[in-house]
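Examining the three-dimensional arrangement
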Amino acid sequence: MADVEIATKAPENDGAEQSVFPGDTPAQEGVTMGIAQFPVEGTQLVWVGWPYLSREAKTHYCVQEISKIADVDVYITKPGDYPHSPSKLLLLLSSGTGIHSVNNQLQADKYASEGFLVVMPDQFAGDAAPSSTTDPNALQESNPSLLEQVKLRAAETAKSFLIDMWLARQTPDKVLPILHKVVEGAKEEFADAVANGEGIYAVGYCFGGKYVAMLASDLPDTVAWGQAVKDEEQGVVKTGPLIKAGAFAHGTLITKEDVEGIQVPVSMACVENDQLFPDEVREAGRTHLEEKQIKHEVKIYSGVPHGFAVIGEYEDTKIKEAQKEAFEQMVDIFPISSWHEVSTLGNPQFLGRHTPNYLVHMMPTLMACKHTNAVALQPPGPIQAVYREDCTQCFDSIDDPTGLNVCLFCFNGGCTGERNHALRHSEAAKHPLVLNIQRSRKKVKRDEPPQKISKLAIAAETEEDRYDTKTSVRCYECGVEDVDKTSGKLQAVVDGILKASTFARQAEVKAWEQDFTPCEHTLCLEQETARQIESQDLGHCSSCDLKENLWLCLQCGNLGCGRAQFGGVGGHSHGLAHADQTAHPVAVKLGSITPEGTADIYCYRCNDERVDPELPAHLAHWGINIAEREKTEKSLMEMQVEQNLRWEFSMTSEDGKELRPLFGKGFTGLKNLGNSCYMASILQCLFTLPTFQDRYYHPQDTPPVSQSPAEDLETQLRKLADGLLSGRYSKPDTDVTVSEHTPEVPHQKGLAPAMLKHLIGRGHEEFSTMRQQDAFELLLHLLKLITRSAHPAPLQDPVKSFRFVMEQRLQCLSCKKVRYRTDEQDNISIPVPVRRIPRPAIPSNQNTGGEKPKDEFEPVTMKESLDIFTSSEVVELTCPSCSSKDGFTKRSLFKTFPTTLAVNARRFELVNWVPTKLDVPVVVGDEAFDLKMYQSPGLQEGEELLAEDSDVGAAAAEAKFVPNDLALGQLEGMGFPRVRCEKALQATGNTDADLAMNWLFAHMDDPDIDSPMDFAGGNSGAGTMADVASVEAIETLGAMGISPPQARKALKETGGDVNRALDWVFSHPDDQGDFGDDEAADVAVQEEKGKEMPGSREGPARFQLQSIVCHKGGSIHAGHYVAFIRKSIPGDSEDAWVLFNDEKVVKAADVDEMKKFAYVYFFQRL
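The numbering scheme is per chain: residues are counted from 1 as the chain's sequence reads. Reporting in this predicted model follows two pLDDT cut-offs: at least 70 for local features of residues, and 80 or more for side-chain atom pairs to be given and counted; totals over whole chains, interfaces and linings ignore these cut-offs and use all residues. Each side-chain value is derived from all of the structure's non-hydrogen atoms; neither hydrogens nor water enter the calculation.

Structural notes on the overall build of the protein chain
Short version of the rule: Counting from the N terminus, the helices are DSSP H or I runs at least four residues long and the strands are E runs at least two residues long. Exposure categories follow from relative accessible area, calculated using a 1.4 Å probe and restricted to protein chains: below 20% of the type maximum is buried, above 50% is exposed, and the middle band is partly exposed. Pairs of residues are marked as contacts when any of their non-hydrogen atoms sit within 4.5 Å. Per-residue and other accessible areas follow the Shrake-Rupley method at a 1.4 Å probe size, with only the shown protein chains counted as cover for residues.
Within the protein chain, the regular secondary structure consists of 34 helices and 38 strands. For the protein chain, buried positions account for 51% of its 1166 residues. In the protein chain, 72% of the contacts between residues at least 6 apart in sequence involve partners at least 24 apart. Per element, the accessible surface of the protein chain, about 53,700 Å² overall, is 50% carbon and sulfur.

Here it is in structure tokens:
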């Protein structure tokens, strides 16, 4: 083994000569680090994190040897107490100087002092770089003569050639087999260390860096063994990465393919402007790791030479500091202890005499948990989801007795009760540390029922006012229940979790957010002379002493406090006063600035929130570096969300009495997340159905495996099924108590399905917002999502119970030939005839207060609406057989019936082209009714079919659209251009000038309103079956509650324009549509191919009303939704109707009245 004395200051060279091999480091000499050595009785300690130890200082701490593994020379260095104390196996791949370099051996010893068992193989098989001294006893001459210097320079030139020859020999097909043999041999010889680390770790310097990257990759088996890749036809077997994690410093000869193949956590210490590891290669690796979401750290060191990270004696302080920092960076990628124990710990008196005070205080914590400095421990970012309110796999929450465990690595929330999803996540993800949060509600006593809210008021109540919260850090792997939250990185991570917006609140904020835009005042901002302003910690309002809610004038740098805000945030409006006095328009809220460049920007001139595209530059003008900012206050949008969620409702009957709440299995309410009643009512109805219960409610099964349960639809639907059906959460709210003098009974808290709502709305323009939505549109969207999700056998798609087939029959009025077309559906939308009851005349002397009397309507039975839905009508089409233009009769009937029939009652009327809801009563009884009368008999004996390849209406396809002369003249007389008049008439049926005029007013801003159109084939008197209806357009209209036949017909009538097609549907409410020729929609093709037809033709078609979704309000996009569901109530002899009003669940009263105005009906086949 080489001695330190023979090592020189020549970079990575144990001899006298200057190396021409890149990546060299001056060797370290003597005891230079000032470690105090003291006698040890019964124990020896290595303090990790101290400065580098010299060879003499480390003689007592590590056990070193040069040995063989699998017939390969290796330098092995072990912790002094191994194998009595556990260690982890680390493979160190050196630079070209090999295992006899003192620098490399010192580097290996340093890792051993960190608790690793280090194996440094001779990857060059004795063929180290020519500039290296392989003879450990070689000595160096000093002060060579001039002749010797000439000889040395000649030698350098020769060595440059030798280096090229050496590099040509050191190829992957030579090096990888050596490394593979060492890896396999080390697994056998040091199996305990491999098992303790759950794999092998690797570090590499310079030349070794390339092979760390290759060992971290998923290479073909042939490449891993250094052989040529087999022919593709023979097949190539992939081998997984041979290491668990890796790190390398100033790598050489690394290619893009090397870094883009990395599959395990990796740390890279790089030199700025390093030609041996080019920027493009480094950035390719960074991009790959980010896209694959592989844990990594890439750090660039400036002002240091290539090779700086290998232990050596540098005079430059900057290089010394970088060397130390690089070592710590590389160690941090591996899960190791913060200090290492050799032999027995000894007695506390010894530690007190010989240990620095700060280490004495740290030792109990360091002994408790070894993960507190893990490289993956990072505080959550401003936009990162933190699940700290309820479990991602069930609805257990921080309000339960044992609280919730939040993973400190990925911020997943897991329950701690009997199901213990937190432990399951920890074991699956290998994330040992969690933050346990327990919250208890401060008791609230009501002396009387709550008053109905008549207006929204600002309340300064905070979470601290409502809850008591207790936290602790726990480690599953170490078995420690209360880890010191100040140790390692824990303090920053814990604080970040507690301060971060929860996932639910973050989703709400995002959903509520508007699309803010810049204005002329932000775009044309002219700033005054630059100056350095006080930091946020020291700054205060220029007109008062407030140090929060501060707004910085971007024009002059004035700090002024904002308005008093919801939640008790103080303010005296001095920022507004400054804007009024100076006319400086734009200000930014200091506490809302994030390193990502987001912040609250307000323009006082526009009196609205804005965006400043040049915010970093505008802040830098006042000495504020946006990259160093930390968001410390709630944004305006976050405070708005809190304000919107303060609504409370009292569940009372008409006489003012509180309705009796229901609790238990199947009687669990859903909390209103802010205009989410439309979703809650649909979900309650769906999960009452046996098919949904059978598919998603499996209380005895373990949850599905998912890396991100909160982002998995299967997991969230199972979570909801368990929450609604198990009865675990259907209990009175114990946080509210009432006096003996009030009749109020506490309702349940209700479940908050925020994660499911996020998944349902993700990517959807409407459902991703917090605005009220159409419940029927949500039903269609949700059924589509569920159908597209996986349903592993024996589980079945629950939406199958909704599917059935409608059959359309067309018969020519002249030749009597027929055509049948079928279409698969999962709902029907039936028309509701509108018959107003005449209002009595109001005497002229009677004062109505300016209010228009409310319209009343005659009741309509469900049978009447179904009769209209299935009735015959005459359509103007040209027969392809007899060429008659007399038209066809068209009728749509059920070919099969579903198990569950979803019916949407269309109670709408167009008022100025805006759909307006009408309160037309639809009478539906509780008794079962038969739909057999609406079943299609199919092709009858004696009927002659039209040829399949003929296109009904094709003869009229060339007919040019001719606008109605009278209507066209009226519109032109009003001053509308002719092209607009023609478009309006075509869109509205070519008959009524008033309808066309309303259409024009509604489409004045259309970008193509003045564009000429080709109206060929659009004759209102003769339709065409030409396929202009795209699948995307039909799906778009379907999401609005329009059936595929209606959508197809509307699109064909309007040239494929979705907006005009929507108008056409509303102006033709009784048209059942076109069942088309689309093979994908033609169920007859399914029959021919032997596929199962959805629904059933056999047996009775008796249906009974199971549940309804009711709506109150003038528009489906406003008002409130509730659900009424027929259920068996314990203690009642007969089924009864139960009202689900968000979290409130009660036995319903006067349900017959509500059934008349239902919006969605669910009928169950008996």
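Some points on the side chain of K1127
Convention followed: Only four residue types enter the tally: Lys and Arg on the positive side, Asp and Glu on the negative side, with His and both chain ends excluded. By definition here, a salt bridge exists when the distance from a side-chain nitrogen of Lys or Arg to a carboxyl oxygen of Asp or Glu is within 4 Å. Polar contact is defined as a pair of N or O atoms within 3.5 Å, subject to the rule that within protein one atom must be able to donate a hydrogen and the other to accept it, and that residues adjacent in sequence are counted only when both atoms are side-chain atoms.
Note on placement: K1127 falls in strand 35 (residues 1120-1127). It turns out K1127 is buried and unbridged, and the closest side chain with the opposite charge, D1135, is 9.9 Å from it. Here G666 takes part through its backbone oxygen, which lies 3.3 Å from a polar atom of the side chain of K1127. Every residue in contact with K1127, bar those within four places of it in the chain, is listed here: G666, F667, T688, D1135, A1136, V1138 and F1140.

Overview of the sheet that holds strand 4 (residues 88-93)
The strands making up a sheet associate through backbone hydrogen bonding, with each pair oriented either parallel or antiparallel. To be explicit about the condition: In this scheme, strands are said to pair when DSSP sees at least two bridges between them. Helix axes are fitted to C-alpha atoms over the stretch in contact, other axes to C-alpha atoms as well, and angles between N-to-C directions run from 0 to 180 degrees.
Overall, mixed pairing links the eight strands, which are arranged 2-3-5-4-6-7-8-9 in an open sheet. Here the strands that pair on one side only, and so sit at the sheet edges, are strand 2 (62-69) and strand 9 (296-301). Strand-to-strand twist in this sheet, taken as the mean axis angle between neighbours without regard to direction, amounts to 15°. Where strand 2 lies against strand 3 (residues 72-79), eight bridges are found, and the strand directions are antiparallel. In the strand pairing of strand 3, K68 is matched with D73. Along the sheet, helix 2 (residues 102-113) contacts strand 2, strand 3, strand 4, strand 5 (116-121) and strand 6 (201-205); its crossing angle with strand 3, the most-contacted strand, is approximately 40°. Across the sheet, helix 10 (residues 317-332) lies against strand 6, strand 7 (245-249), strand 8 (266-271) and strand 9, angled at about 170° from strand 9, the strand it touches most.

Details of the nonpolar core
The condition is simple: Take the buried residues of types Ala, Val, Leu, Ile, Met, Phe, Trp, Tyr and Cys, join any two whose side-chain atoms come within 4.5 Å, and each joined set is a nonpolar core.
Core analysis: the biggest nonpolar cluster contains 78 residues, and L408, L433, L686, F687, F692, L779 and F1162 have the highest contact counts within it. Residue contacts for L779: discarding those within four places in its chain leaves I682, L686, A902, V1160 and F1162. In this structure, F248, V264, M268 and V298 belong to the second largest nonpolar core, which totals 47 residues.

Examining the packing of aromatic side chains
The relative placement of two aromatic rings is captured by the distance of their centres and the angle of their planes. Rules: Under the pairing criterion, centres of Phe, Tyr and Trp rings, with the six-membered ring standing for Trp, must be within 6.5 Å; the plane angle then separates stacked pairs below 30 degrees from edge-to-face pairs above 60, leaving the rest tilted. A ring is scored as having a charge over it whenever the NZ atom of a lysine or the CZ atom of an arginine sits within 6 Å of its centre and within 35 degrees of its normal.
Taken as a whole and assessed by the stated rule, the structure comprises 22 aromatic pairs. Both rings, one in F116 and one in Y201, keep their centres 6.4 Å apart while their planes meet at 65°; by these two values the pair is edge-to-face. One end of the pair, F116, is in strand 5; the other, Y201, is in strand 6, and 85 residues separate them in sequence. With respect to burial, F116 and Y201 carry one shared label: buried. In this arrangement the basic side chain of K719 is found over the ring face of F395, its NZ or CZ atom lying 4.7 Å from the centre. Positioned over the ring face of F667 is K1127, at 5.6 Å from the centre of the ring.

Some details on the confidence of the model for the protein chain
Basically, it comes down to this: Scored from 0 to 100, pLDDT records how confident the predictor is in each individual residue.
Overall, the prediction assigns the protein chain a mean pLDDT of 77, with 72% of residues at 70 or greater. Contacts for the low-pLDDT stretch residues 1-60, under 50 throughout, to residues beyond four places or in other chains number 187 contacts.

Considering the pattern of salt bridges
Applying the stated criterion across every chain, the model contains 38 salt bridges. E325 is the partner of K299 in a salt bridge, and the nearest nitrogen-oxygen pair spans 2.1 Å. Residue K299 is found in strand 9, and its partner E325 is found in helix 10; the two are separated by 26 residues along the sequence. By relative accessible area, K299 is classed as partly exposed at 29%. Between R728 and E418 there is a salt bridge; the shortest N-O distance is 3.6 Å. In this pair, R728 sits in the loop between helix 23 (713-725) and strand 22 (736-738) while E418 sits in the loop between strand 12 (413-415) and helix 13 (421-429), placing the two residues 310 residues apart along the sequence. Taking relative accessible area as the criterion, R728 reaches 24% and is therefore assigned partly exposed.

Brief notes about the sheet that holds strand 18 (residues 559-561)
If you trace the five strands from one edge of the open sheet to the other, you get 18-17-19-20-21, paired in antiparallel fashion. The strands lining the two open edges of the sheet, one partner per strand, are strand 18 and strand 21 (608-610). On average, each strand axis in the sheet is tilted by 35° relative to the strand beside it, whichever way the strands run. One ladder, built from three bridges, connects strand 17 (residues 550-553) with strand 18; its direction is antiparallel.

What about unusual backbone geometry?
For the bond from A793 to P794, the omega torsion is 5°, close enough to zero to count as cis. Turning to its location among the elements, P794 is positioned in the loop between helix 25 (775-788) and strand 23 (804-812). Backbone geometry at N273 places phi at a positive 55°, although glycine is not the residue there. Take N273: its relative accessible area is 61%, and that puts it in the exposed class. If you check the backbone angles, D1142 has positive phi at about 55° while not being a glycine. Position of D1142 relative to the elements: it lies in the loop between strand 36 (1136-1141) and strand 37 (1144-1147).

Brief notes about helix 15 (residues 490-499)
Stated formally: The arc in question is traced by the directions running from the helix axis to the C-beta atoms.
For helix 15, the set of buried residues is L490, V493, V494, G496 and I497. Down the axis of helix 15, the buried set is contained in an arc of 160°. They therefore lie on one face. Check the buried side of helix 15 and you find it contacts strand 11 (404-407), strand 13 (433-441), strand 15 (467-475) and strand 16 (480-483).

Let's talk about a negative patch on the surface
Our working rule: Here the term patch refers to residues with relative accessible area over 30% and no salt bridge, with like charges joined within 9 Å and nonpolar side chains (Val, Leu, Ile, Met, Phe, Trp, Tyr) within 5 Å. The location of each charge is read from NZ of Lys, CZ of Arg, CG of Asp or CD of Glu.
A contiguous patch of negative charge, built from E257, E260, E290 and E291, is present on the exposed surface. Position of E290 relative to the elements: it lies in helix 9 (residues 279-291).

Quick notes on helix 4 (residues 172-189)
What counts, and what does not: The span one expects for a helix is its residue count, reduced by one, times 1.5 Å.
Along its 18 residues, helix 4 runs 25 Å from first to last C-alpha, staying within 8% of the 26 Å computed at 1.5 Å per residue. Three or more residues of helix 4 are buried, namely V175, L176, P177, I178, L179, H180, V182, V183, G185 and A186.

Thoughts on the pairing of strand 37
Here strand 36 pairs with strand 37 via four bridges, running antiparallel. Bridging across to strand 37, V1138 finds its partner in K1147. The antiparallel pairing of strand 36 with strand 37 creates a hairpin that spans two residues between the two strands, and D1142 there sits at a positive phi of about 55°.

Regarding the environment of L1037
Of note, L1037 is situated in helix 30 (residues 1031-1038). As a C-alpha pair, L1037 and R1048 span eleven residues in sequence and 9.3 Å in three-dimensional space. With residues up to four places along the chain from it excluded, the contact list for L1037 reads I1042, A1047, L1051, V1058, A1061 and L1062.

Details of the state of the cysteines
To keep things clear, this is the line we draw: Working definition: a disulfide is two cysteine sulfur atoms within 2.5 Å of each other.
A complete count under the given rule lists zero disulfides for this structure. C556 carries a free sulfur, and the closest cysteine sulfur to it, the one in C553, is 3.6 Å from it. Owing to a relative accessible area of 12%, C556 belongs among the buried residues under this scheme. Considering cysteine sulfurs only, C603 is the nearest to C606, which forms no disulfide, with 3.5 Å between them. Look at C606 and you get partly exposed, because its relative accessible area is 28%.

Quick word on the side chain of T416
Note on placement: T416 falls in the loop between strand 12 and helix 13. Residue T416 is classed as buried on the basis of its relative accessible area, which comes to 16%. Looking at T416, its side chain comes within polar contact range of the side chain of T402, at 2.6 Å. A polar contact is formed between the side chain of T416 and the backbone oxygen of G403, at a distance of 2.8 Å. With near-sequence residues (within four places) excluded, T416 lies in contact with T402, G403, L404, N405 and N436.

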